[in-house]
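As a plain string of letters, each chain reads:
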Amino acid sequence: MGCAMNNMPMKWLLMVAALAGTAAASDRGWWREHGCRSCQMAAQVAALRAMQATAAFDEETGRDLRVFPHHRPIDIIHQRIEMTIVDMDEPVAPARTVIEFEPRSDLLESFSLDCVLLEVSAVTIDGRRAAFTNDGAKLEIEVSPPLPRGTRSTLVIDYTIRDPQRGLTWTPSSPQWPGRPPQIHTQGQPQDNSSWFPTHDFPNEKMTTELVVAVPEGFLVSGNGRLADRWPGDAFKADGTRVPVEVFEWLQEPDHPAYLVSLIVGKFDIVDVGDGTIPMPVYVPPGRGPDVQGTYGDTLAMTRVYERLFDEPYPWARYAQLVVWNFDAGGMENTAATSMFDTAIIAQDELDDHDLLGLISHEVAHQWFGNLVTCTSWEHLWLNEGFATYLESLWFEADGGRDAYLVDTLANYDAVIARDDGIAPLDPAMASGAYVDPLDVFRKPANPYPKGAATLHMLRTKMGDAAFFGGLSAYLDRYRLKSVDTGQLMDMLEESSGESLERFFDQWVWRPGIPRLRVTASFADNSLVVEVEQTQHIDGDNPAFWFDLPLVIEAGGTRTILAMPVRERTNRLEVPLDAAPAMIEFDPHLAVLAEMSIGQPEGWFIAQLARGSSIPSRVQAARHLGDLQSDAARAALVSAARGSGQHVRVREAAVRALGLHEDAESLAGLLSDGAWQIRRAAAEELGSLDAVPAPTIERLRQIAREDSSTRTRSSAIGALASLEGPAASELAIELTRVESQHDGLRQAALRALAAIGPGAGEDALETAIRFTRFGTLNRTRPAAIAAVRSLADIDRERAIATLIPLLDDREDRTIGAAGDALSELGGPEAARALERHAAQQTDVPRIRRADAWLERLATDSTTR
Amino acid sequence: MQIRCYGARSMARTSLLADIGRLLGVGRRVGLARRLPVLALAVVLGGLPAVARAQTELRFDQMTGRNTLSYPPDRHFDHRHLRLELDIPDMRVPEANARVTITVAARGVERRTLRLQASPRVQVDSIRVDGRLAAFAYANPNLSIAMDPPAQPGEVREVVIEYRLDAAGLRRALGGITWDAGEPNDLDPNNRPGQIHTQGQPDFTRIWLPSHDHPNEKMTTEVIVTVPEGYQVLSNGRLLSKDDMAGDPVEGDGNEGRRRWHWLQDQPHPIYLVTLVVGQFDIVTLAEEPVPMRIWAPLGRGRQCLEVFKDTPRMMAYFVDQFGEYPWAKYDQVTPRHYTMGAMENTSASTFYIQAASSTARAERDIIAHELIHQWFGNLVTCESWEHLWLNEGWASMGEALWAEEEARQAGEDPEAAYLGKIARFLTTQRMNQTSAPLFPGLASKQFNQPFENFFKTDNPYGKGALVLHMLRRQLGDRAFFEGSRLFLRRHAFGSADTDDFRRALEEVSGVSLQRFFEQWVMRPGIPSLEVDLDWDSGASAVVVRVRQLQTIDRHNPAYAFDLPLAIVHGGERRMVRMAVDGRVSELRVAIPSRPSRVEVDPGLEIAARTRVVGALAR
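Since this is a predicted model, take the numbers as computed values, not measurements.

> Explanation requested: the overall build of chain B in the structure shown.
Along the backbone of chain B there are ten helices and 30 strands. Across the 619 residues that make up chain B, the buried fraction comes to 63%. Looking at chain B alone, contacts between residues at least 24 apart form 71% of all its contacts between residues at least 6 apart. Roughly 22,400 Å² of accessible area belongs to chain B as shown, and the carbon and sulfur atoms make up 50% of that amount.

Listed below in structure tokens is the structure:
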């Protein structure tokens, strides 16, 4: 599963915010992640952390609460799902699933399937009626007479799908969305497909699957694999009305796990972006066909890159990408049929500052890593997500060279450094069965996305390209169409490289946290002394990390590369040198996933910023120069920010550092830079200052109104809200009316109103309320709801009256945001509404969410 | 390896263990040298008094923060073949000239250094790589050999090390090479012939043979030994030739009357299984099928040894039936003079303690079965590192129980009783195991300083290992258990494997998720302490079973989860119930018409626990 944020490339540090449906933060420098901007996120991380600590072990009963892979009493060979949809606006469908299976146990007397809130009417095995119980989570089936191991049998379950709360999202047409055709899409990961068909809903079982779905004439059906057949037919409504339908039969032939089964019904423009060898249709909302090439044009090239790197042909019959309504994540790699979020189609005039290359390559990558070879339990999710995230970097490397690769890797490192400060055994490691809801695994601090990618980058560095790619190619060969765990990957990499990797995996994969290094370097008496202290928590469960830290020493015009052994809490290296070094680089190619705080002479940093041997090295210099409040440091940063041959990523880091220098004048100058990344960074940094001169305000207003980059405009309105307060509200209101890619500008303007607070005035509240309504993009509504909550003091009654009905919305993000807002606002009406909502829920994650709101209400009322 | 020590001699044995510990630096960590004999003694006496000792964490150094777990070494080279040529001019002089030729191929990236292990008794004269003299450096135990130019991945290099082996003073060594020069002594006033034997496991081969001395690498081996006339040489694999060196054209070169024995082990095995025995033996044949099976008995004891080892062919037939074709060219069993600590399963040539030669078939059947099943579990598939030793020794101990079961079956006796009798013995010992994490190592653990310690730890690879296998057998049923075990052997044949590999094979054939089982029984130390309260609720007419877990329970040691079998005997009927136990307290109510005559807790010994039964229905 991939995550996409409005108005920005996906970066995993924001995943918590994304999944919780809160407003997007912006891609700030690493040092800001600890700051107040992320406090909302930090609170969520803390809550998650508390949950995960109890997820491993129950103090009271002494129980081991970790999740272990599910038993597999039957070998599911093939599963067919048949559905009849007579009315796309009526979210009910009679369905039947046919499962070909063989018992794995010696004598199968009973077994259960996952089956969430489905109305099951009949079960037969080999034509004989079978007794069953259905408790809303499991369908327990009796096998009578018992079946011996290996007996091929057929299980048939008749049931009804009635507007499921997860797994299958049914979007009827609505007068509030004129022209939007009704649509159905599904989302199986992690364990939600059992909300629309009974199955073994865990990734340790694989099977071939088949969808046979009848839909009203004029609608298209997409499933996994290939379209085996389609034919016209008739169906009948409950009242006997005849409905002409078309039946689509989709067949996924090589095995895959249940969570990757996809069904999509709707009306689309379809544009193929392949070259005829593999069908590569992209399904977009009607009318958006012309934008497909601009957004998805690299899909085929990505596929070719991965085929070449891993020596494994694209495994499936086709590669479809489908843009669907009301999609929760960024993308979902369903086998051969990836789903993409609502606005994953970029208008021609937005292509300068928008792309989806990260997301697109991520989901393409999953077709091998995740789909062909699948994590056997969510504990090992990083085998899916770490790889998919890492393969984004490999695409950038193939397309843009080593710099592009390292820039992307640096972003992953920064994301881990910002969040992964866990300590064993309370905090879960990246690979860990300690979770309550499988979704927790996707958003935990030792996050499988960036930390998985960083781990793979470290492995590649350690093993060398030949052994790394050769080992992964062998891994794909050996485990294709199977499910795997972390140990199986490790064994293959050990085999190809000859390296003993257990220590590596122990510390980077099986334990939370990363090294936090205090590094000092000094030169005296012809000797360079480097000291490295590991400052993170160290104890028996968290011994000191063990690695070699690469150093590049530039002295007397030559560069020497050393590997400093770091084994203990404190480590020291002495290097005899004839003359003082001009520069020292610590780990310029990111061999070690560590946070480094470096103390050394300022001049060495200045040299490093100018001629460090990699982009991460120069960014490291810029960041440290941000903390050194000298004129020389500032001058070096200004020079780097303005360009002089620097990569835009280095320039941006210099702009961020100038923010720390509070250099308003230089920042103001950078607002006119030619690169939108620099203008945007300058706007954001200016917004973080206490005050700026009036002309700069004017310039920011101008940018907010008319910059060619909507992302820069978004940053400008954010900065103005912070600098001007209520004076910016009129402009913000104006900007909510502007259409932009992903609704980015509208969301930024709503966030600006929220930041201004009640001083923004009644018009602001009215504006926010308007965008909470159904008919606004599903990711914009939460921003509007947050603004209503922030502006509620203007008219509390009206705010609450606006929010309460949203608890019954069809869009889950809206429900989540409304519940968050109401539980924060408190008061008797809000409490009643939330209690009523809680009482109505049947779906476990929704019950948990509702309970959390009630808990917050209770806590707040006691603290008040 | 099976370790046996006897009565009064055990003290001598254990001090020898301490000696060998010192020899190999086992006592590096303060206190360990002293502790080791105590631990060994505990094993010897059959009890594991939850060794009350203030133990610091073996996994972590408080002072420096350093991770001190024992990780397996890199395998920068694929060791393909090792050929040892050993020239022994005179058995009365404990030294030999040796040449070892190791064929390696670089793995991963270009490699500049080949690192082997050797003891100071290996006195290197020269090292050549592909015929050219190579630089080398020795820092005990590592012998580092320069590859110049660096070896590219996949590139094959031939490394020839010429050395003199100094075996002086190793007359009674317990590990490495034992060389009895054959002089008269107190025990044996006759001037008897000299004798040599070796003991490689766990990391003693390096004492006499420079090599990659870790079980994570396998290679074919070839042992060529020239000895004085009248001596015999035993090693792994097939005897290719036995040349009379007298045919040598040069007169007076000292080769008169000498013989060169050429053994070839042409299927890969790990270095610790390389064996060399030189001496004068009665060589007698037990059988020729499916492979030649001979006993190398002490002179004059051939007939008696035929009797002691007579069941070997029947055991062979049974294990072949259970686990597939015997993998090696022959199966020899030898009883060297100074081998006193049990037996060692060297590939195709097991070494037994000398006492076996004057024992009986009944007394030795366990140890014979133990070493024989090792030829599959240990030799065909080898524990990848000593952390996973239980895969070797647990299976070998299980082999003792399996053979007891089969033997009873063949004799028309009660196989179940015979099998459970052996299991009960393992359980009795493990019932004293009160260890917990993280201070104590689990059954599979990297918490050790020296590999040797793994053989003696409380969570013992032998007894607890066998119990784990027994529990798996009961939980999965015979079909899945044996099929999974065969799959494990097939999949990793001639390779090394770890605990997870074994788990995966069992999961694959059974569909049962075993991760939790392995976490609690294999990865974590200790066993549960259960108090089972059996009550009769006359009002409800129900048996009330309450199980309390009384062992240490905390985040490092969560409660065990398992199904506890109960037999409720009522009016001549016996009803089996499986009670789900999880958490500190678990409860089960079973309604039956009237008070049962008795309730049996775990009658089939399916759960390795210390169990105390209390309550009204306790007997």
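Okay, back to it.
> Explain the overall build of chain A here, please?
From N to C terminus, chain A includes 27 helices and 29 strands. The globule rule puts the C-alpha radius of gyration for 864 residues at 29 Å, and the 28 Å found for chain A is close to it. Projected onto the principal axes, the alpha-carbon positions of chain A cover approximately 90 × 65 × 60 Å. Per-residue burial over chain A gives 64% buried out of 864 residues. Within chain A, residue pairs in contact and separated by at least 24 positions form 70% of the contacts whose partners lie at least 6 positions apart. Just so you have it, chain A exposes about 29,500 Å², and 50% of that area is on carbon and sulfur atoms. The average position of the 81 basic charges and that of the 124 acidic charges among the side chains of chain A differ by 2 Å.

> Honestly, a negative patch on the surface in this entry has me stumped. Any pointers?
Residues Glu730, Glu762, Asp763, Asp795, Glu797 and Glu829 of chain A make up a contiguous surface patch of negative charge. Among the structural elements, Glu730 of chain A can be located in helix 20 (residues 729-735).

> What should I look at first to understand the interface of chain A and chain B in this one?
One widely used convention gives an interface's size as the accessible area the parts lose upon coming together. Listed per partner, the contact involves 50 residues of chain A and 49 residues of chain B. Around 4,100 Å² of area is buried between chain A and chain B when both sides are counted, 40% of it from carbon and sulfur atoms. Put simply, chain A and chain B have twelve salt bridges between them. One salt bridge in this structure joins Arg149 of chain A and Glu483 of chain B, with 3.6 Å as the shortest N-O distance.

> So what exactly am I meant to see when it comes to the sheet that holds strand 7 (residues 136-139) of chain B here?
Backbone hydrogen bonds are what pair the strands of a sheet, in a parallel or an antiparallel way. All names here are of chain B. Strand order across the open sheet formed by three strands is 4-8-7, with antiparallel pairing between neighbours. Either end of the sheet is taken by a strand with one partner, and the two such strands are strand 4 (111-117) and strand 7. The average angle at which neighbouring strand axes cross in this sheet is 25 degrees, direction not considered. The sheet contact formed by strand 7 and strand 8 (residues 142-151) spans four bridges and is antiparallel. Bridge assignment links Tyr138 to a residue of strand 8, and that residue is Leu143.

> Just to check I follow, could you spell out helix 17 (residues 676-687) of chain A for this structure?
Note: α-helices contain 3.6 residues per turn, so residues at a spacing of three or four share the same orientation. All names here are of chain A. Under the 1.5 Å per step criterion, the end-to-end length of helix 17 is 16 Å for twelve residues, consistent within 8% with the ideal 16 Å. A large share of helix 17 lies buried, amounting to eleven of its twelve residues. Turning to helix 17, its buried residues are Trp676, Ile678, Arg679, Arg680, Ala681, Ala682, Ala683, Glu684, Glu685, Leu686 and Gly687. In the core, the buried residues of helix 17 are packed alongside helix 15 (648-660), helix 16 (664-670), helix 18 (694-706) and helix 19 (710-724).

> I tried to follow the sheet that holds strand 2 (residues 77-87) of chain B on my own but got confused; where do I start?
Residue and element names in this part refer to chain B. Reading across from one edge, 6-5-9-3-2-12-15-14 is the order of the eight strands in this open sheet, with mixed pairing throughout. The open sheet has two free edges, formed respectively by strand 6 (132-133) and strand 14 (238-244), since each of these has just one partner strand. Strand direction decides the pairing type here: strand 2 and strand 3 (residues 95-106), joined by ten bridges, are antiparallel. Residue pairing for strand 3: Leu84 is matched across the bridge by Val100.

> So what exactly am I meant to see when it comes to the packing of aromatic side chains here?
How two aromatic rings sit relative to each other is set out by the distance from centre to centre and by the angle between their planes. Following the criterion strictly, the structure yields 52 aromatic pairs over all chains and no others. Considering the side-chain rings of Tyr314 of chain A and Trp368 of chain A, the 5.7 Å spacing of their centres and the 80 degrees angle between planes classify their relative orientation as edge-to-face. Note that Tyr314 of chain A is positioned in the loop between helix 4 (299-310) and strand 18 (320-323) and Trp368 of chain A in the loop between helix 5 (357-366) and strand 21 (373-375), a separation of 54 residues in sequence. Assessed through its relative accessible area of 8%, Tyr314 of chain A is described here as buried. Arranged with centres 5.1 Å apart and planes meeting at 70 degrees, the rings of Phe488 of chain B and Phe502 of chain B form a pair that is edge-to-face. Pair noted here: Phe488 of chain B is in helix 8 (residues 463-491) and Phe502 of chain B is in helix 9 (residues 499-510), with a separation of 14 residues, a long-range link. The cationic tip of Lys267 of chain A hangs over the ring face of Phe219 of chain A; the distance from NZ or CZ to the ring centre is 4.6 Å.

> Where do I start with the pattern of salt bridges in this structure?
A pair can form between side chains of opposite charge whenever their charged atoms are brought close. A full pass over the atoms with the stated rule returns 117 salt bridges over all chains. For Arg460 of chain A, the salt bridge is made with Glu397 of chain A, and the minimal N-O distance between the two is 3.0 Å. Here Glu397 of chain A lies in helix 6 (residues 382-419) and Arg460 of chain A lies in helix 8 (residues 450-463), a separation of 63 residues in the sequence. Residue Arg460 of chain A is classed as buried on the basis of its relative accessible area of 7%. Between Asp87 of chain B and Arg258 of chain B there is a salt bridge, with its nearest N and O atoms 2.7 Å apart. A residue pair is termed long-range when its members are at least 10 positions apart, and Asp87 of chain B in strand 2 and Arg258 of chain B in strand 15 (residues 258-270) qualify at 171 residues. Three or more residues are tied together by salt bridges with common partners; here these are Asp485 of chain A together with Asp500, Asp501, Arg503, Arg504 and Glu507 of chain B.

> Would you mind going over the side chain of Gln375 of chain B with me for this structure?
Residue and element names in this part refer to chain B. Topologically, Gln375 is positioned in the loop between helix 5 (361-374) and strand 22 (381-383). A distance of 3.5 Å separates a polar side-chain atom of Gln375 from the backbone oxygen of Glu371. Beyond its immediate chain neighbours, meaning those up to four positions away, Gln375 contacts Tyr326, Pro327, Trp328, Tyr331, Glu345, Asn346, Thr347, Ser348, Ser350 and Leu380.

> Honestly, the pairing of strand 7 (residues 138-148) of chain A in this entry has me stumped. Any pointers?
Every other side chain in a regular strand lies on the same face of the sheet, so the side chains alternate between the two faces. All names here are of chain A. Relative to strand 7, strand 3 (residues 107-114) runs antiparallel, the two being bridged by seven bridges. Counterpart to Phe111 in the pairing with strand 7 is Ile141. Where strand 6 (residues 132-134) meets strand 7, three bridges bridge the pair, whose relative direction is antiparallel. Each bridged residue has a counterpart across the sheet, and for Asn134 the counterpart in strand 7 is Leu139. Turn length for the strand 6-strand 7 hairpin, with the two strands adjacent in sequence and antiparallel, is three residues, and the turn residue Gly136 shows positive phi of about 90 degrees.

> What's the story with the pairing of strand 10 (residues 183-186) of chain A in this structure? I'm lost.
Residue and element names in this part refer to chain A. Of the two faces of strand 10, the one lined by Gln183 and His185 and the one lined by Ile184 and Thr186 are each fully buried. Summarising the sheet, strand 9 (residues 168-171) and strand 10 pair through four bridges and their orientation is antiparallel. Across the sheet, Thr169 pairs through a bridge with His185, a residue of strand 10. Taken together, the two bridges between strand 10 and strand 15 (residues 264-266) define a ladder with antiparallel strand orientation. Counted as the bridge partner of His185 is Ile264 from strand 15.

> Is there a simple way to explain the confidence of the model for chain B in this structure?
Atomic detail in the predicted coordinates should be set aside for any region of low pLDDT. When the pLDDT values of chain B are averaged, the result is 90; 88% of them are 70 or greater. Contacts of residues 5-54 of chain B to residues separated by more than four positions or lying in other chains number 74 contacts, the stretch itself having pLDDT below 50.

> Could you clarify how one ought to interpret helix 21 (residues 744-756) of chain A in this entry?
All names here are of chain A. Along its 13 residues, helix 21 runs 18 Å from first to last C-alpha, staying within 8% of the 18 Å computed at 1.5 Å per residue. Burial analysis of helix 21 places ten of its 13 residues in the buried class, which makes it a mostly covered element. For helix 21, the full list of buried residues reads Gly744, Leu745, Arg746, Gln747, Ala748, Ala749, Leu750, Ala752, Leu753 and Ile756. Looking at the packing, one finds that the buried side of helix 21 touches helix 19, helix 20, helix 22 (762-772) and helix 23 (780-790). With its phi angle positive at about 85 degrees, Gly757 sits one or two positions after the end of helix 21.

Rules of the game
Residues numbered from 1 in each chain as written. Chains lettered and ligands numbered in written order. Predicted model: local features only at pLDDT ≥ 70, side-chain atom pairs only at ≥ 80, totals over all residues. Heavy atoms only, no water. Helix = DSSP H or I, 4+ residues; strand = E, 2+ residues; numbered from the N terminus. Buried < 20%, exposed > 50% of the residue type's maximum accessible area, 1.4 Å probe, protein only. Contact = heavy atoms within 4.5 Å. Areas by Shrake-Rupley, 256 points an atom, 1.4 Å probe, with all protein chains shown as cover. Rg over C-alpha atoms; globule rule 2.2 N^0.38 Å. Lys, Arg positive; Asp, Glu negative; His and termini not counted. Charge placed at Lys NZ, Arg CZ, Asp CG, Glu CD. Patch = residues over 30% accessible without salt bridge, like charges linked within 9 Å, V, L, I, M, F, W, Y side chains within 5 Å. Salt bridge = Lys/Arg side-chain N within 4 Å of Asp/Glu carboxyl O. Buried area = accessible area lost by both parts, 1.4 Å probe. Pairing = 2+ DSSP bridges. Axes fitted to C-alpha atoms, helices over the stretch in contact; angles between N-to-C directions. Expected span 1.5 Å × (residues − 1). Phe/Tyr/Trp six-rings, centres within 6.5 Å; stacked < 30°, edge-to-face > 60°. Lys NZ or Arg CZ within 6 Å of the ring centre and 35° of its normal. Polar contact = N/O pair within 3.5 Å; in protein donor to acceptor, adjacent residues only side chain to side chain. pLDDT = per-residue confidence, 0-100.

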